[in-house]
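Chain by chain, the residues run as shown.
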Amino acid sequence: MPVVSTYRLQMRSDGMTFDDALALLPYLDELGVSHLYLSPVLTAASGSTHGYDVTDPTAVSAELGGPEGFSRLSAAARARGLGLVVDIVPNHVGVEHPEQNPWWWDLLTYGRSSRYASYFDIDWDLDPDGRIVLPVLGSDSDVDDLTVDGDVLRLGDRTWPIRPGTGTGTAAEVYARQAYRLTGWQSGSCGYRRFFSITSLAAVRQEDPYVFDASHAEIGRWFREGLVDGLRVDHIDGLTDPAGYVTRLRELAGPDAWIVAEKILAADEPLDPVLPIAGTTGYDVLREIGGLFVDPEGADALTELARETRCDARELKIRTVTETLASELARLCRVILRAAGSDDPALPTAVTQLLSRVGMYRTDYPVLSAVLPEAINETLGAAPELASALQLVVTALEQPEPASRLQQLCGAMTAKAIEDTMFYRDARLVSLNEVGGTPERFGMSTAEFHQRTAARARDWPATMVTLSTHDTKRGEDVRARITVLSQCAERWAERVRRWNAVCVPPDEGTGLFLWQNIIGVWPAAGEVDDAVRARLHAYAEKAIREAELHTNWEQPNREFEDAVRDWIDALIDGPVAGEVTALVQQLDEAARCDAVAQKLLALTVPGIPDVYQGTELFDDSLVDPDNRRPVDFALRRTELNTLSHPKIRVVAAALRSRRERPDTYLSGDYTPVVAEGPAADHIVAFRRGTDVLVVVPRWTLKLDESACADTAVELPAGEWTDRLTGRVWSGVVAVDALFAELPGVLLEQSRA
């Protein structure tokens, strides 16, 4: 069945099993979705709340209900005319607890002779004795505390295997015979390719057809038995050969399966048309829709306010490659030297400088063939002394292994430096600091939006469209409220400066970053309960550790972290709180209008919209794990029955419209519609096909009522019924009339 829309559920054993999802089917069917979209369901680490730490890709998670529960859910969905889409994780497996991962356990037991040795990207040359280096200890000396416990080596509650026949003698003697070497996590050495810098996630060599077949046997069964209709593929850029992988996946799933891949595109980066997929997981569209609601007039004041927090992306990339990813850099350089047949002491610097000038995750897609040469040119222009070392790189890139490792390092560098560090430092307008975001671009004009959207309708009409995911750093409604600050930038700057004088933050840049997130989740009624306080504490700790300016995950600065926590408590409990509430109340109506308007856009522009769990109502989620909190579906059922809440009213209407008019939304043209009048810049309007027309407002905090009354949209011939209100319109209509009930209209024309 064609995928017309999806609803994402975060599967977890403590509240969202297959049977729990099955119980939601009547609600989701009534809401109007066509497909249930599940987070990873293969066996993950025990108690996993996200499923991306898969430990056995050959089996559906027993904690979620096993294959029987999965089949029950699929059958029940089909009985209602709904389908299933499932998230898969080809990139890596979880190895935090080796005993839970049969492949990894066997590898550690038998080393090179393991039947799974080829499944993992092991650096066999890192250790002089060819052992697998595992950076899992607090310090190197912890090996002295190993004990023999039957057929395992034990350190506290952690265990590693003992190869049969090698278990006699002292713990030190037994350990010396094993295929692995345990080392401190701060050693900078890692004997296997990992997911970014996460040592608990070991990369899988999907480029090996045998490994692909073994790790996709269960997924293949889903399609053979008609259990699923599509897949979301996690982070394809971390694979050795992304294009080759999705080609094999397409062959496995069949020509009709809906496959979207997590591919973070730069603002000027096209998705390669050779990829046999429907598109990306929607971060590019998220950036475009969110950008529409950023008021460019606020740029100067916000830039000045955040001047001290602006970051140099290249410097962060260089630091990331040389420090966080030093092990990966060293391995790449060894591979380049081996391939090129000569040495140059400047090689690590040349690689680092080159990659720091690449503005995307990887460059080896055919459509991006000019990116790497241009980066080489820029590097030579800035550092001509690196010419010979860069020539080594270019020579080595003619061979597969150096070429793929360079690309994988580029992606890890970009993710860690930009999205995991810079996006937690830059405090100009933090709603722009989103996965796939481009914070240096302050908003998006309607002209650019229409052009990009029309191109997507032509080239990728079935790509995913999303506003919130399990990875977004703030939920869509939190971003909407923060974005309103761009419409009152000078007022905001004045408030922050005054508040900081009364409630002094430990660091002004940190304070400015956190202030915006606090505004994003602050209850409009002003009652900050213990739950909100605890969530702000947890978010602040994560944010300042990711920023790595005053503290970090590896060596937390408890004094600074306590100071930040005390500052949050002081502003919640002190005299500033009343002013924060007053400002939030001034922003809240506009924020809600913009939130509803951007939701209507996401549900009607070209592409397949996803509703992340719970976001059919206003949602104040921050970054994970905050956005994986349990969802009150009983409340949502009630609201769906009454349709008194503006957001669920829009969601239900748009999803039902899509289900009734699939041709319009899946293959209908996208045609911009121009408003005329003094508020025209506040209006975004377009047609889908010939029978749907959408109009929404933006920058509603600044939207003057009289200007609205004097601004109109000319409707095409005939009568148009608003799916949201039932009102009928024709001819030239003033936008204040269109928006009398809701911030947007979804106009449908009766078919002949």
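Residues numbered from 1 in each chain as written. Predicted model: local features only at pLDDT ≥ 70, side-chain atom pairs only at ≥ 80, totals over all residues. Heavy atoms only, no water.

The chain carries the name Malto-oligosyltrehalose synthase in an unreviewed UniProt entry, which gives Mycolicibacterium phocaicum as its organism.

**Points about the overall build of the chain**
On a plain count of helices and strands, the chain comes out with 27 helices and 27 strands. In terms of C-alpha radius of gyration, the chain reaches 27 Å, essentially the compact-globule figure of 27 Å for 752 residues. Projected onto the principal axes, the alpha-carbon positions of the chain cover approximately 85 × 60 × 55 Å. The 752 residues of the chain split such that 61% are buried. (Helix = DSSP H or I, 4+ residues; strand = E, 2+ residues; numbered from the N terminus. Rg over C-alpha atoms; globule rule 2.2 N^0.38 Å. Buried < 20%, exposed > 50% of the residue type's maximum accessible area, 1.4 Å probe, protein only.)

**What about the sheet that holds strand β17 (residues 464-465)?**
The strand order across the open sheet formed by eight strands is β16-β15-β14-β5-β2-β1-β18-β17, and the pairing between neighbours is parallel. Only two strands of the sheet have a single neighbouring strand rather than two, namely β16 (279-280) and β17. Sheet topology note: the strand β1 (residues 6-9)/strand β18 (residues 608-612) ladder contains three bridges and is parallel. Directly across from Tyr-7, in β18, lies its bridge partner Val-611. Sheet contacts for helix α6 (residues 217-224): β5 (83-88) and β14 (230-233); angle to β14, the most-contacted strand, approximately 150°. (Pairing = 2+ DSSP bridges. Contact = heavy atoms within 4.5 Å. Axes fitted to C-alpha atoms, helices over the stretch in contact; angles between N-to-C directions.)

**So, the pairing of strand β11 (residues 180-184)**
For β11, the tally of buried residues reaches four of five residues, placing the bulk of the element in the interior. As judged from the five bridges shared by strand β7 (residues 132-137) and β11, these two strands associate in the parallel manner. Of the residues in β11, the one forming a bridge with Ile-132 is Tyr-180.

**Considering the sheet that holds strand β12 (residues 194-195)**
Strand order in the open sheet formed by three strands is β6-β13-β12, and the pairing between neighbours is antiparallel. The open sheet has two edge strands, β6 (92-94) and β12, and neither has a second partner. Relative to strand β13 (residues 198-203), β12 is paired through two bridges, and the arrangement is antiparallel. Bridge pairing in β13 links Phe-195 to Ile-198.

**Section: unusual backbone geometry**
Cis geometry is adopted by the peptide bond preceding Pro-625, which originates at Asp-624 and carries an omega value of 5°. Position of Pro-625 among the secondary structure elements: in the loop between β18 and α23 (633-642). Non-glycine residue Phe-196 carries a positive phi angle of around 50°. Relative to the elements of secondary structure, Phe-196 occurs in the loop between β12 and β13. Assessed through its relative accessible area of 14%, Phe-196 is described here as buried. A positive phi angle, near 60°, is found at Glu-548, a position not held by glycine. Here Glu-548 is to be found in the loop between α20 (530-547) and α21 (558-573). What makes Glu-548 partly exposed here is its relative accessible area of 25%.

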